[in-house]
Amino acid sequence: MQSETLEKNPPVYRRVILKLSGESLAHSGERGISMDEVTAIAKQIKAAHALGCQIAVVVGGGNILRGAQFKGTSGEMIQEATAHYMGMLATVINALAMQDALENIGCATRVMSAIKMDGVAEPFIRRRAIRHLEKGRIVILAAGTGAPFVTTDTCAANRGLELDADIVLKATRVDGVYSDDPEKNPHAILYRELDYDVVIEKNLKVMDSTAIAQCRTHKLPILVFNFKKDGNIVKAVSGQKVGTRISPRSASGERILVNAT
Ligand code: UDP
């Protein structure tokens with residue numbers, strides 16, 4: 001059965017970072033965690049992993065708390081740095097939910113936290129994370145980078161480089177990168193391919209700017225795609241046509257800006 005699947009969907013990527021926002025773990029428009037949503041994603045991750053792709057998942061925390069939400073609203077009650085640490089702890093809660101969802105469907109996993117948390121998760125150690133991936137474990141990366149004032153997008157880019165991933169897969173609720181917000185502008189154009197410079201110049205909403213800059217410097221491609229469509233994570237890891245791919249300019253320096261047809 002698995003070899004049939006392999007023939008139909010040959011894995012293109014050997015190792016990927018899958019960035020899931022915290023909101024992807026909740027019902028649309030709600031906060032907190034819905035195990036239905038988490039399990040639906042876990043099933044897609046399992047199917048992608050079964051193709052032979054090594055997967056490290058970076059989870060966000062926005063369904064619970066983002067550090068920036070306290071800025072200017074709570075006076076001196078919560079310092080901004082403290083709020084960011086709270087946001088990182090939110091990602092640990094999400095990581096544990098994702099771990100159980102994956103293990104309930106028979107996947108071996110490890111949660112690795114950038115903030116030391118004995119008894120809850122292993123510490124993130126690069127070489128150990130790579131070993132887990134090689135042994136076929138799905139690694140869930142919690143607590144972002146462990147440093148405040150950045151987001152888990154930056155963590156996905158950093159870990160992508162550290163773990164020598166082939167690509168960062170950024171799972172979103174829309175089909176890819178648009179010229180404008182597709183939920184507000186029905187004429188917004190969906191792009192199929194872009195280079196990093198176009199993303200930066202047009203200020204397109206892909207990932208935070210630090211993450212884009214890092215991927216650009218190190219030529220780490222990004223695929224922005226809609227995880228809500230069942231089967232899209234499998235398509236993403238096997239290089240099928242889905243979402244928007246962001247990569248360096250061509251060898252001759254040509255700009256890349258291809259609309260979806
Ligand atoms: N965060 C942080 N450092 C990191 C990663 C995350 O300080 O390396 C904090 C930050 O406040 C962030 C929050 O944790 O807003 C939750 O992460 P994020 O906003 O990336 O979650 P998402 O939007 O992906 O759900």
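The preceding data block contains the structure.
For the structure given in this document, a descriptive report is provided here. Quick caveat, the model's predicted, so the values are computed rather than measured.

This part covers the pattern of salt bridges. Within the structure shown, the criterion is met by 14 salt bridges. For Lys 116, the salt bridge identified is with Asp 118, shortest N-O distance 3.5 Å. Classification of Asp 118 as exposed rests on a relative accessible area of 60%. Put simply, Arg 131 and Glu 134 hold a salt bridge, and the shortest N to O gap is 3.5 Å. Placement of the pair is Arg 131 and Glu 134 together in helix H4 (residues 126-134), with a separation of three residues, close to one helical turn. Overall, Arg 131 belongs to the partly exposed group, its relative accessible area being 45%. With relative accessibility at 47%, the residue Glu 134 sits in the partly exposed group. Ionic contacts of the salt-bridge type, sharing partners, join the residues Arg 14, Asp 164 and Asp 166 into one network.

Close contacts around the ligand come from 20 residues, with Gly 22, His 84, Thr 145, Ala 147 and Thr 152 the closest. Between the ligand and His 84, the relevant distance is 2.6 Å, taken from an oxygen atom to a side-chain nitrogen or oxygen of the residue. Compared with its free state, where it exposes 520 Å², the ligand has 95% of that area covered by protein. Ranked by residue count, the leading element in the shell around the ligand is helix H3 (residues 80-104), at three residues. Split by residue class, the shell around the ligand holds six nonpolar, 12 polar and two charged.

Right, let's talk about the sheet that holds strand S8 (residues 222-226) for a bit. The mixed open sheet is built from 10 strands, whose spatial order is S4-S3-S5-S2-S1-S6-S8-S9-S7-S10. Two strands in the sheet have a free side with no partner beyond their single neighbour: strand S4 (122-123) and strand S10 (257-259). Across six bridges, strand S1 (residues 15-20) lies against strand S2 (residues 54-59) in parallel orientation. Across the sheet, residue Val 16 finds its bridge partner in S2, namely Ile 55. Helix H2 (residues 35-50) contacts S1, S2 and strand S5 (138-142) of the sheet and is inclined by roughly 155 degrees relative to S2.

One pair of aromatic rings is described through two measures. These are the centre distance and the angle between the planes. According to the stated counting rule, one finds zero aromatic pairs in the structure shown. Over the ring of Phe 124 we find Arg 159; its NZ or CZ atom is 3.9 Å from the centre of that ring.

So, how was this worked out
- The written sequence of each chain sets the order in which its residues are numbered from 1.
- Per-residue local features of the predicted model are confined to residues with pLDDT of at least 70, and side-chain atom pairs are confined, for both listing and counting, to 80 or more; whole-chain, interface and lining totals are unaffected and use all residues.
- Only heavy atoms go into the side-chain values, all of them from the structure, while hydrogens and water stay out.
- Salt bridge criterion: a side-chain nitrogen from Lys or Arg within 4 Å of a carboxyl oxygen from Asp or Glu.
- When accessible area is computed with a 1.4 Å probe and restricted to protein chains, residues below 20% of their type maximum are described as buried, those above 50% as exposed, and intermediate ones as partly exposed.
- Helix numbering and strand numbering both begin at the N terminus, where a helix is a DSSP run of H or I of at least 4 residues and a strand a DSSP run of E of at least 2.
- Whether a residue is near a molecule or strand is decided by its heavy atoms; if any one of them lies within 4 Å of it, the residue is near.
- Side-chain atoms alone can form a polar contact between residues adjacent in sequence; in general such a contact is a pair of N or O atoms within 3.5 Å, and within protein one must be able to donate a hydrogen while the other accepts it.
- The protein chains shown are the only cover counted for residues, whose accessible areas, like all others here, come from Shrake-Rupley with a 1.4 Å probe.
- Gly falls in the polar group here, along with every residue not listed as nonpolar (Ala, Val, Leu, Ile, Met, Phe, Trp, Tyr, Cys, Pro) or charged (Asp, Glu, Lys, Arg).
- Strands are treated as partners if at least two bridges between them are detected by DSSP.
- For this analysis, residues touch if any pair of their heavy atoms sits within 4.5 Å.
- Axis definition: a line fitted to C-alpha atoms, over the contacting stretch in the case of helices. Angles run 0 to 180 degrees between N-to-C directions.
- By convention, a stacked pair of Phe, Tyr or Trp rings (six-membered ring in the case of Trp) has centres within 6.5 Å and planes under 30 degrees apart, an edge-to-face pair has planes over 60 apart, and any other such pair is tilted.
- Working rule: Lys NZ or Arg CZ, within 6 Å of ring centre, within 35 degrees of ring normal, means a charge sits over the ring.

Everything listed is a geometric property; what it means functionally is a separate question.
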